[in-house]
There are 2 protein chains.
Amino acid sequence: MLIVVSGPSGVGKGTVISRLLERQPELAKSVSCTTRGPRPGEQDGVDYHFVSVDRFRQMVAAGEFLEYARVHQDLWYGTPIAPVEAALAAGTDIALEIDYQGARSVRQAFGNRAALVFIAPPSWDALVARLQGRSTESADATAKRLASAKREFRHIGMFEYVVVNDELERAVIELESILIAERCRLESIDWQELQRQLSSEA
Amino acid sequence: MLIVVSGPSGVGKGTVISRLLERQPELAKSVSCTTRGPRPGEQDGVDYHFVSVDRFRQMVAAGEFLEYARVHQDLWYGTPIAPVEAALAAGTDIALEIDYQGARSVRQAFGNRAALVFIAPPSWDALVARLQGRSTESADATAKRLASAKREFRHIGMFEYVVVNDELERAVIELESILIAERCRLESIDWQELQRQLSSEA
């Protein structure tokens with residue numbers, strides 16, 4: 001099963017997912033490729049695969065992405081398809097942090113095997129405050145992220161779940177609950193085999 | 001939202017629900033009516049409303065049940081509709097412990113506002129062992145419960161979730177996760193209002 005986590009930049013998706021991975025160690029995480037440079041503390045191959053624009057284009061041409069998006073000019077993000085398919089083949093659940101367009105691509109590619117979760121901020125002002133608090137970014141970059149957030153909000157209706165990140169601990173528990181509940185869904189289990197086992201005495 | 005918990009007699013539905021209520025104190029529980037006598041430790045009005053067959057028939061005639069079923073001869077169970085409607089009107093979630101036929105009635109009456117969960121034993125033998133361990137019952141009563149369990153198993157496919165009660169703590173967490181996840185579902189929240197709020201700066 002794929003758990004897709006979307007939501008505007010600054011809403012805390014990364015933190016919520018990191019905490020989920022601590023609580024659910026058997027959950028894999030898809031590592032995206034990006035053409036942006038690493039922020040302080042980010043590690044290549046862990047937070048992202050940091051690649052050049054040329055390399056990114058090669059990967060697009062080779063069909064190596066499940067989904068990819070150009071955020072602006074030379075800023076690209078993409079989800080390599082190979083680790084996702086490897087996780088599914090191994091029966092491992094995998095979390096993907098992508099935008100609504102990526103979520104749509106995943107839904108098209110994997111149907112009901114993907115659960116789509118939107119992480120929302122408690123309010124617009126809270127999101128603005130969080131993004132302005134990122135002192136590493138220019139006002140221009142922040143404005144672009146806010147414009148992009150508005151696009152994200154227009155697509156909430158395509159998601160299956162909404163988690164409002166007003167309190168981190170609660171948001172983590174809600175995301176974890178979604179994961180556990182999805183594993184219990186009739187379609188996620190081999191219920192006909194279970195049914196056979198339970199009737200085997202007959 | 002209604003959370004409907006079904007599964008064969010002896011699978012531990014009652015225990016799982018009790019533990020869920022401890023963890024989620026704001027969750028209400030529907031108290032069923034039954035014409036059987038109380039088992040040791042059961043309290044009238046808490047575990048069940050214990051009523052006579054005559055009184056039960058009056059309630060059926062008065063349309064006071066959301067669903068009811070005759071298990072055999074003079075053994076009836078029913079879910080009074082008034083507390084369910086009161087809980088929904090107050091915006092409180094409510095748990096119902098009923099059989100697959102009752103679950104079907106709830107689905108017909110409440111559609112997507114109800115989540116249907118089937119609690120399964122880890123195996124047929126485990127269920128037999130549990131029912132035979134109930135020293136308060138005759139071999140005949142146990143045989144009837146096992147026959148009824150087989151009917152339940154044939155209807156697993158109509159449920160949305162399956163929780164296998166091989167380990168109580170895990171089953172409780174799975175049921176709680178289903179409750180929390182269902183509250184996060186797009187249809188459970190006023191997402192258009194959230195969307196308006198998040199765009200209110202524009």
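Everything discussed here concerns the structure shown above.
Student: What am I meant to see in the overall build of chain A here?
Tutor: Tallying secondary structure elements over chain A gives eight helices and nine strands in all. Over its C-alpha trace chain A gives a radius of gyration of 18 Å, about what one expects of a compact globule, namely 17 Å for 202 residues. Its C-alpha atoms give chain A principal-axis dimensions of about 70 × 40 × 30 Å. Residue burial in chain A is summarised as follows: out of 202 residues, 38% are buried. Within chain A, counting contacts between residues at least 6 apart in sequence, those at least 24 apart form 67% of the total.

Student: Sorry, what's going on with the sheet that holds strand β7 (residues 94-97) of chain A here?
Tutor: Sheets are built from strands that pair by backbone hydrogen bonding, the pairs being arranged parallel or antiparallel. Residues and elements named next belong to chain A. Ordered by their spatial adjacency, five strands build an open sheet running β2-β7-β1-β8-β9, and the pairing between neighbours is parallel. In this open sheet, the two strands that pair with only one neighbour each are β2 (28-29) and β9 (161-164). In terms of strand pairing, strand β1 (residues 2-6) meets β7 through four bridges, oriented parallel. Following the sheet pairing, Leu-2 is matched in β7 by Ile-94.

Student: Looking at this structure, I do not really get the environment of Pro121(B). What am I missing?
Tutor: Residues and elements named next belong to chain B. Positionally, Pro-121 belongs in the loop between β8 (114-120) and α5 (124-132). Sequence-wise, Pro-121 and Gly-14 are 107 residues apart; in three dimensions their C-alpha atoms are separated by 13 Å. Pro-121 has contacts with Pro-8, Val-11, Ala-126, Leu-127 and Asn-165, leaving out every residue within four places of it along the chain.

Student: Can you walk me through the relation of the copies chain A and chain B in this structure?
Tutor: Each of the two chain copies can be brought onto the other by rotation about an axis and movement along it. Mapping chain A onto chain B calls for a rotation angle of 180° and an axial translation of 0.0 Å; the resulting RMSD is 0.1 Å. Here the transformation between the copies is reduced to the relation of a two-fold axis. For chain A, the smallest separation between a C-alpha atom and the rotation axis is recorded for Ser177(A), amounting to 2.1 Å. Residue by residue, 100% of the interface of chain A is reproduced at the interface of chain B, so both copies engage with the same surface.

Student: Sorry, what's going on with helix α7 (residues 168-184) of chain B here?
Tutor: Think of an α-helix as 3.6 residues a turn; residues three or four steps apart then line up on the same face. Helix length check: α7(B) (17 residues) gives 25 Å between terminal C-alpha atoms against 24 Å at 1.5 Å per residue, within 8%. Taken together, the buried positions of α7(B) are Ala171(B), Val172(B), Glu174(B), Leu175(B), Glu176(B), Ser177(B), Ile178(B), Leu179(B), Ala181(B), Glu182(B) and Cys184(B). On the buried face of α7(B), the contacting elements are β9 and α7 (168-184) of chain A together with β1 (2-6), α1 (13-23), β8 and β9 (161-164) of chain B.

Student: For this particular structure, what's the right way to read the nonpolar core?
Tutor: Nonpolar side chains in soluble globular proteins generally cluster together in the buried interior. Val4(A), Val117(A), Val4(B) and Val117(B) are the most contacted members of the largest nonpolar core, which totals 102 residues. At eight residues, the largest contribution of residues to this core is made by α7(A). When near neighbours in sequence (up to four residues on either side) are disregarded, Val4(B) contacts Leu96(B), Ile98(B), Ala103(B), Val106(B), Ala114(B), Ala115(B), Leu116(B) and Val117(B).

Student: Can you help me understand the interface of chain A and chain B in this one?
Tutor: Put simply, an interface is often sized by how much accessible area is lost when its parts join up. Tallying the contact residues gives 31 residues for chain A and 31 residues for chain B. For the side of chain A that touches chain B, the secondary structure elements donating two or more residues are α6 (139-153), β9, α7 and α8 (191-198) of chain A. Looking at the side of chain A that touches chain B, the element that brings in the most residues is α7(A), giving seven residues. Grouping the amino acids of the side of chain A that touches chain B by side-chain chemistry returns 19 nonpolar, seven polar and five charged.

Student: Would you mind going over the packing of helix α1 (residues 13-23) of chain A against α7(A) with me for this structure?
Tutor: A pair of packed helices is characterised by two quantities: the angle between their axes and the separation of those axes. Residue and element names in this part refer to chain A. In the contact formed by α1 and α7, the axes pass within 9 Å of each other and the chain directions differ by 60°. Relative to α7, the element α1 is oriented oblique. As α1 runs across α7, the sense of the crossing is right-handed. Only Leu-168, Ala-171, Val-172, Leu-175 and Glu-176 of α7 make contact with α1, whose side of the interface consists of Thr-15, Val-16, Arg-19, Leu-20 and Arg-23. Broken down by class, the residue content of the contact of α1 with α7 amounts to six nonpolar, one polar and three charged.

Student: In this structure, what is going on with the pairing of β9(B)? I would like to understand it.
Tutor: Taken residue by residue, a regular strand's side chains alternate between the two faces of the sheet. Residue and element names in this part refer to chain B. Along β9, one buried face is formed by Tyr-161 and Val-163 and the opposite face, lined by Val-162 and Val-164, is buried too. As paired strands, β8 and β9 are joined by four bridges and run parallel to one another. Residue Ile-119 lies in a different strand from β9, and its bridge partner there is Val-163.

Student: Got a minute to help me understand the sheet that holds β1(B) in this structure?
Tutor: Spatially, the five strands line up as an open sheet ordered β2-β7-β1-β8-β9 (chain B), and their pairing is parallel. In this open sheet, the two strands that pair with only one neighbour each are β2 (28-29) and β9 of chain B.

Student: Hey, could you run me through the packing of α5(B) against helix α6 (residues 139-153) of chain B in this one?
Tutor: Residue and element names in this part refer to chain B. At their nearest, the axes of α5 and α6 sit 10 Å apart, and the two run at 150° to each other. With respect to α6, the axis of α5 lies roughly antiparallel. Of the two possible hands of crossing, α5 and α6 adopt the one that is right-handed. Side by side, α5 and α6 meet where Leu-127, Val-128, Leu-131 and Gln-132 of the first sit next to Thr-142, Arg-145, Leu-146 and Ala-149 of the second. Here the contact of α5 with α6 is composed, by residue class, of five nonpolar, two polar and one charged.

Student: I keep staring at the environment of Ser199(B) and nothing clicks. Help me out?
Tutor: Along the chain, Ser199(B) falls in the segment after α8 (191-198). Spatially, the C-alpha atom of Ser199(B) lies 52 Å from that of Ala61(B), the residues being 138 residues apart in sequence. If near-sequence neighbours (up to four positions away) are discounted, Ser199(B) is found in contact with Lys150(A) and Phe153(A).

Student: Where do I start with the environment of Arg154(A) in this structure?
Tutor: Residues and elements named next belong to chain A. Secondary-structure assignment places Arg-154 in the loop between α6 and β9. Classification of Arg-154 as exposed rests on a count of 12 C-beta atoms within 10 Å. Sequence separation between Arg-154 and Tyr-100 is 54 residues; the distance between their C-alpha atoms is 9.7 Å.

What counts and how
Residues numbered from 1 in each chain as written. Chains lettered and ligands numbered in written order. Predicted model: local features only at pLDDT ≥ 70, side-chain atom pairs only at ≥ 80, totals over all residues. Helix = DSSP H or I, 4+ residues; strand = E, 2+ residues; numbered from the N terminus. Rg over C-alpha atoms; globule rule 2.2 N^0.38 Å. Buried ≥ 20, exposed ≤ 12 C-beta atoms within 10 Å, placed from the backbone. Contact = placed C-beta atoms within 7 Å. Pairing = 2+ DSSP bridges. Least-squares fit on C-alpha atoms with pLDDT ≥ 70 in both. Expected span 1.5 Å × (residues − 1). Core = buried A, V, L, I, M, F, W, Y, C linked by C-beta atoms within 7 Å. Nonpolar A, V, L, I, M, F, W, Y, C, P; charged D, E, K, R; others polar. Axes fitted to C-alpha atoms, helices over the stretch in contact; angles between N-to-C directions. Parallel < 35°, antiparallel > 145°, perpendicular 65-115°, else oblique. Left-handed = near helix turned anticlockwise from the far one by under 90°.

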